[in-house]
Amino acid sequence: HYIFNLRDTSNIFQGICLAGAECLTSKETLARLWLHECRRVYRDKLINNKDMSSYELLEKEIVSKCFSEPDPEVVLTKPPLFCHFARGLNEQEYHQVEDWELLNKTLVEALDNYNDAHAAMNLVLFEDAMKHICRINRILVSPRGNALLIGVGGSGKQSLARLAAFIADQDVFQLQLKKGYSITELKLDLAALHIKSGVKGLSTVFLMTDAQVADEKFLVLINDLLASGEIPDLFTDDEIDDIVGQMRSQVKATGLVDTKENCWKFFIDKVRLNLKVVLCFSPVGKTLRVRSRRFPAIVNCTSIDWFHEWPQEALVSVSKRFLKDIPILTPANRKSVAEFMAFAHTSVNQMSDTYFENEKRRNYTTPKSFLELIKLYRILVERKQEQLQSNIERMTVGLEKLETTSSQVDALQATLAQQEVEVNARNKAAEELIVKVGTESAIVAEEKAKVDAEEAKVAVIREEVGKKQQGCEIDLKKAEPALKAAEAALNTLDKNNLTELKSFGSPPSDVQNVTAAVMVLYYGGAAAGKVPRDRSWKASKVMMGRVDDFLFQLKNFDKDHIHEEAIRQMQPYLKDKGFNRQSITKKSVAAAGLCEWAINICKYHEVFREVRPKREALDAANRDLGAASSKLQELQDKIEELNANLGKLSKEYEEVTAEKQKCQAEADATAHTVDMANRLIDGLGSEKTRWGELLQSYGAVKATMVGDVLLTSASVSYIGAFTRRYRNELIYDVWLPFIQSLSGDAAIPTTPDQDPLTILTDNAQIAQWENEGLPSDTMSHENATILTNCERWPLIIDPQLQGVKWIKRKFGDNLKTCRLDQKGYMEVIERALSAGDTVLVENMDEEFDPVLEPVLGRNTIKKGTAIKLGDKEISYNKNFRLLLQTKLANPHYKPEMQAQTTLINFTVTQDGLEEQLLAAVVSKERPDLEKTRLELTKQNNEFTITLKQLEDNLLARLSAATGNFLGDTALVENLEHTKTTAAEIQEKQAQARLTEAEISVARETYRRAAARAALLYFIMNDLYKINPIYQFSLKAFNVVFNQAIERAEQPDPAEEQVMIKERVDNLVDQITYQTTLYTTRGLFEKDKFIFKVQVALRVLMQDGDIAGEELDFLLKMPVVQDAQTPVDFLTDQQWGAIRTLSGMDAFQGLDRDLEGNAKLWRKFTESECIEREKFPQDWKSKTALQKLCMIRALRPDRMIYAIENFIVEKLGQKYRENRHIPFWESFEETSCSVPVFFILSPGVDPLLEVEALGRKLGYTADKKNLHTVSLGQGQDVVANKALEMSATEGHWVILQNIHLVASWLPSLEKKLEELSESPHENFRVMMSAEPAPAPELHIIPQGLLEDSIKITNEPPTKVSANLHKALDNFDQETLESCSKETEFKSILFSLCYFHAVIAERRKFGSQGWNRIYPFSTGDLTICAMVLHNYLEANQKVPWEDLRYL
C-alpha cells in the first residue's frame, strides 16, 4: 500500500482546510499544520519503525530545505498534533494540541460521558491512545472520511474508534452476526444505514472488524460503498422510487431540478457525507495483503491508522493505573511490578519470534493479553491473600487451643478432687432418705389392700344395678310409641282449633265424650285421683277456659303418676267404638287430637305400670351402691393422704438423688475433660511443632507474595503456548534475572528455587488430576494448573488427545461437549450459557465461528446478566465456562483469537511419552508388575488426597470449636481419629514406596525400549517441518510400537538377567526397525535419507556416544577465517575446517599431521571412495562420528556415501535397503478405521497394485464392491454415496486426487470419522493426492494424514532399487507360467535390468535422448507379456524378434 498519488496531496490540503483563520495565527502554526497533515496522510500508513524513521529523516530534510521562515528547528520541535477538541469538548475547532494534560482531561471527560450512555469501557488514555483518538476523530469529521485501522487484535482499535465517534457526535453501527448470516442480511443492514444517513441525514459510523467478515464476498459490497457510495441491487425499484420521492424537496431547496437522476445522486452524496466506514483489520498473515489487492478501495478510499505495539512507557502507565488500588503493594513495589509486567510482555514477544524461527510455531501477545495479565494478577493476589490469612488464622487458633488445653489440665484436676468430696456427701443423704421412704411405702401398701377389697364389693353392686337398669330401659321402650303418638296428637292442637272446639254450643255426643275423658285424666290423673263427677260440656268448657294454659298442662302432663281411679273411669270411654281419631276427626279436629292423646296416655300407663316394681328395685340398688361408694371414698381419701406423704418423701429423695447425680456427672465430665485434654495433647503434640513451623513459613510466604504471584500470573498468562524448553528460558533466564536485578525499595521479594506455578496447586490436587487420567510429567502438571487458573478461556493444543481425555474425566457428566461442525452446537452453547455449565468445543480448526465472538470475548450486556448471540439475548450465568480444544499439531491462531484465550500446549513431551511407553512395554512383558504399580500409584494418590483432606478437616474443626471445646467428645474423638488415620496412611505410604521402588527397579530394565520408542516418535513428529504431508499420530505410532513388541524375538533360555537383557536388545532393535519401515514407507526418497540420519545421530546422542562439539561441526562445519592452506590438495576453506577440528581435544595435532605427512594424506584424500579407505596413522582408531567429521572437512562430496556407511555401522545393514514394500504387506496393517493414503509422484500409478490385490481378494468394479472415484468438480457427492454404502456393506473405496477438491476435504475428514465408529469390518478406504509444491499451499487436513497408512509411490533411485522394483512386479506364479521356464526367467531378468537402467537414467534428463521419455511399469509388464506370448508361440527363442520388440 506504499503507493502515493495526487489523491494523497489533495487529502493533505483537505486536512489543512479543516482549520479556520482563528487557528492559523502565525507562519509557524501553518507550517506545523502542513507537517501534521503530511504525517497523517503519509506516516500513518507506514508499518514499522524503520520506515517511520526514514520518513522522519526525509521530513527533516524537506523542511530544512524548503522553509527558511519560520525556523525549521521550531517547526520540527515535538511532532505536531491537531484535533477538534484541543481546547475542550465545547470548542469544536481545529487547533494544535499544546497542553497534553488538558487533552487527557478532555478525553477522560468524554469517556465518562460515553460510559454514562453506553456499555462502559475501562480505558487508560496514555499518550499513544490519545494520538489515535485524535487521528480517528480527524478522519471521521473530514468529508467522506473513512478509516482503515490496522493492528493486532486487542490493541484497542474498536474502543478508540467508538470514543472518537462519540466525540464527533456520530452513532456507531456494528453487524450482529447470527447463524446463517449471509450477503443478503448484509445488504439489508447496509440499506438501513443508507436510509439513516441519506434520507434522515444522521451521521453514522459503520464499524467492521475481521471477525465480522464471515464471507469474503462481504468486502465486494464494502469496496463499492467506499469507492462510490453506491452498491448495485441494494434497493428494489419501489424502494428507489420511495427514496427519490423523499429527496425531492431537499433537491429543490438546493436549486436543482428534481429529476430522478438528480435526486438519486443527491441521496448518494449525502450517504457518502454522513456514513463513515471504519474497518478494523489485523496485519497478521496474508489476509490483509490479499484483500488489499482484490478490493483496492479498502486502501485507496480510506485513511490508514496503523496501531503499532504499545511502547514500553504505555505498558508501564497502564499497569500503574490498574495496580494502584492493590493494598499489598507499596509505591516502590507498584512501580517495579508495573515495569516487570511491561518487561514480561515484551520479552514474550521476543521469545515468540525465536519460537517461530526454531519451531515454526506461532504465538502472539496483544495489548489485551497484557490487560488480562494485570487482571489475573489482581485476582490471584486477592485469592492468595485470603487463603494465606485463612491458613494463618486456622493455624493460630489450632495452636492457641493446644496451648489453652495444656494450661487447663492442672486446674481441672483440682476441681475434680473437690467434686469427688461433694459426691460422697450427697450419697450419704440419699441413703437416709431411702429408709424413710421404705417405711411409708409399707403403710401405704396395707391401706391399699383394704381399698382393693372394698372396690371389689362396689363392683358387684354396680354390676347388679346395671342389669336392673337395663331391664327397665327395655320395658320403657315398649311405651315409647304410645307416648310419641300422644305427643303427636297434642302437636295437632293449637289455640285456634281449641277455641273453635270451645265455641261449640252443643257439640256432638262423641265430642262431649272426648272432653269428658280428658277431664278424667286432667283432674284425676294426679296423685290424689279425684275424678270430677260433672263432666258436662259446660264443665269441659271451664276446663278449656284458658286455652294456652290448658294446652300447656296437657303437654306437661305427669304421665308416670296417673291414679288408678282415673284409669278405671277411663275404661268406658276407651271401650266406646266411636272413641277413636277417625270418627272424631269428622266432627272436630281438636276433639280428634284430644281423643288420640287420651287413648295413648292410657296405653302408656298400662306399660309403665308393669315397669314400676322394677324401677323401685333399681332405686333400692342405687341406694346400696351409694352407701358402698361413700365408704370406698373414705378409704381412698385416706390412702391419698398417705400417698401424698410418700410422694413428698420420694420427691425429696429424687431431689437429693438428682443433686448426687449432677455432682457425679460434673465429676465425670471433669475427669473426661482431663482425659480428652491428655489425649489431645499426646495426639497432636507432634502437630504442634509442625504447625508452629508452618505458621512461621506463612510469614515468609506473605513477604514474598508480591513477587511469587507476579511470576505465577505471568506464567499462567504467557507460557502456556510454549514447549518446556522455552517456558524454562522465559522464567529462569529472562524474568527471574530481571526481578533479581531490582534492589532497595524497588526490590520484589520472591521465594528462591520455586516453580512459579506450584503456588497455585498442591500434591493432593496433582494426585487428584493423575487419578483422573492426567499424565504424570511436569509439563502436564503445568498445563493443568494453567487451565484451572486462567481467566481467559483455555484453548488447548492437543494432537495426542491426552488433554481432552483428562478434561472429560475431570468434569464427568457435568461437561457438555460439541463441535463447531455439528448440527445444533449453538443450542448446546446457549443452554450452557443460561445454566452455567462447562462446555468443551472439540476439534477446532484455526478459524472460530464469528457468531460466537461475543461468547469468546465475554461481551456481556445488561450489567453482565446477558449476552447477545446474533439477534437473540441469552441470559449469562457467571458459572459458565468454555474450554476449547484442537487436534492440530501446529495451529496458527490469529492474535485476535489468542487475545481472548489462553493457549495451552498439551502436546506430549518426550519424558511423558517415555513413561507411557514404559508402562505399555512392561504391561506386555510383565503384566503383573504393571498392574501392581498402577494400583500402588492410584493408592498413593488417594492417600495423598486423603491426608490433605484429613489435615484440613482437623484444622477446620479445631479452629471452628468455640468455648470449652474439650467438653465436645465427638470433636476430640474425631480429631484423635483423624490423627490416627493420618498416621496409618503415612505408614502405608512408606510401605508402598518401598514396594514401588522394588517394582521400579524391575521396570527400569525395559526403559531403554521405551526411551528409544519415544525418541523415534519425536523424530517422526518433526518430519512435518520437511513436508507438511508427513503427519503421524500417537495412536498410529502405538500400533506400530505394539506390533514391534510382538515381532521381537524371544531370547534363548539362560539366566534371568541375561534373558531380560537380550529381550530388551531385541525390543529396541525391532522397535527401531519397524518404526523406520513404517515411516519411510510414507517418505520421498530424498527425505528417507534425512530420516535415517536423524535416527542414527539422535540414537547415539541418547546413548551418550556423541560429543556435542563434534556433532555441531558435522552439521555446520565452521571454519577458521582467513586460514591459508599449507598443502596444495586442500582449499583454504577445507584447511579452515581442519583448523577448527584441531581445536577440539579429540583432533589435536590433526593440522600438524596433515602438514607433516602431506603425501600420505594426499593419497588418502584423493582416493575415489574415501569412506572405504583406512585413515592414515593413528586416526584410523577414531570413532565413526569423528571419521565423519574429518571426511566432512576433507571430502564433503563423499558425505552422502560416508553417512550411509555410518548408518549401516551404527544401526545395521538392513537400514541401507530401500526396497519397495509390496502393497499387500501394507494392506495387512489396514482396518475399517485405518485408511491408506497414497502420496503421488509423476509417472507412478498406485491404482494398479490396489486393483491387483482387489482381484485376489474378490474386490473388483465388475462385482460392484470396488468403487473408484476420481475427484473433481461435482464428484464429492458421488464419493459421499460410495463411502456411505461401502461402510455399510463392506466394500472398498478408492478416492483419487483428493487434492483437487480442497473445499470438500474437511467434510471428508468428518465423514471418515463418523463412518469409523461402527463400520463393516471389510470396509476399506484408499486415498491419493499430490503433495503441495510449497508448505503454505498444503491443504490436506491433518486428521486424514495422521491416522492413515501413508505410502509414497515414487520411482526408486539407484539401479539396485529400480531392479528390485521391477522384479517385484512379477510373482512366483508368473515366473512359472511359461513352458520355457529357464529361458523365460533369464530373459525376464535381463528385461528388468534393462528397465532399471533406463529408469535410473531419468535423473540425467534428456541427456543422450531427444527428450525425456516417461518409461513406466506398464511398459515393463507389456514387454513381459510379449515375451511370454512369443516364447509360447515359438519352438526356439526368437532373439531377433524379441530384441526388436
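Values in this document were obtained by computation on a predicted structure and should not be read as measured data. (Residues numbered from 1 in each chain as written. Predicted model: local features only at pLDDT ≥ 70, side-chain atom pairs only at ≥ 80, totals over all residues. Heavy atoms only, no water.)

1. Regarding the overall build of the chain
Okay, step 1: Check the secondary structure of the chain and you find 53 helices and 20 strands.
Okay, step 2: Looking at the chain as a whole, 47% of its 1445 residues are labelled buried.
Okay, step 3: For the chain, long-range pairs separated by at least 24 residues make up 76% of all intrachain contacts whose partners lie at least 6 apart in sequence.
Okay, step 4: For the chain, the exposed surface amounts to about 71700 Å²; the carbon and sulfur share of it is 50%. (Helix = DSSP H or I, 4+ residues; strand = E, 2+ residues; numbered from the N terminus. Buried < 20%, exposed > 50% of the residue type's maximum accessible area, 1.4 Å probe, protein only. Contact = heavy atoms within 4.5 Å. Areas by Shrake-Rupley, 256 points an atom, 1.4 Å probe, with all protein chains shown as cover.)

2. A look at the side chain of Arg881
Okay, step 1: Assignment of secondary structure puts Arg881 in strand β14 (residues 881-886).
Okay, step 2: Buried charged residue Arg881 carries no salt bridge. Nearest counter-charge: Glu791, at 8.0 Å.
Okay, step 3: Here the side chain of Arg881 touches Leu787 through a polar contact of 2.4 Å, landing on its backbone oxygen.
Okay, step 4: Ignoring anything within four residues of it in the chain, the contact list for Arg881 reads Leu787, Thr788, Cys790, Trp793, Pro794, Phe811, Asp837, Thr838 and Val839. (Lys, Arg positive; Asp, Glu negative; His and termini not counted. Salt bridge = Lys/Arg side-chain N within 4 Å of Asp/Glu carboxyl O. Polar contact = N/O pair within 3.5 Å; in protein donor to acceptor, adjacent residues only side chain to side chain.)

3. Brief notes about a nonpolar patch on the surface
Okay, step 1: Taken together, the side chains of Val1359, Leu1367, Phe1389, Tyr1393 and Val1397 present a nonpolar region at the surface, about 380 Å² in accessible area.
Okay, step 2: For the nonpolar patch, the secondary-structure elements that each account for two or more residues are α49 (1359-1367) and α51 (1381-1400).
Okay, step 3: The element contributing the most residues to the nonpolar patch is α51, with three residues. (Patch = residues over 30% accessible without salt bridge, like charges linked within 9 Å, V, L, I, M, F, W, Y side chains within 5 Å.)

4. Notes on the packing of helix α31 (residues 910-925) against helix α35 (residues 1034-1047)
Okay, step 1: It is at 11 Å that the axes of α31 and α35 come closest, and there the two elements cross at 35 degrees. Seen from above, α31 lies across α35 with right-handed handedness. On the side of α31, the interface is formed by Leu913, Leu917, Ala920, Val921, Lys924 and Glu925, while α35 contributes Leu1034, Phe1037, Asn1038, Phe1041, Asn1042, Ile1045 and Glu1046.
Okay, step 2: In terms of residue class, the contact of α31 with α35 is made up of eight nonpolar, two polar and three charged. (Axes fitted to C-alpha atoms, helices over the stretch in contact; angles between N-to-C directions. Left-handed = near helix turned anticlockwise from the far one by under 90°. Nonpolar A, V, L, I, M, F, W, Y, C, P; charged D, E, K, R; others polar.)

5. Regarding the environment of Met1190
Okay, step 1: Among the secondary structure elements, Met1190 is positioned in helix α42 (residues 1184-1194).
Okay, step 2: Judged by its relative accessible area of 0%, Met1190 falls in the buried class.
Okay, step 3: Taking C-alpha positions, Met1190 is 7.9 Å from Leu1141, a pair spaced 49 residues apart along the chain.
Okay, step 4: Residues in contact with Met1190, not counting those within four places in the same chain, are Leu1141, Phe1147, Leu1150, Phe1175, Trp1179 and Lys1182.

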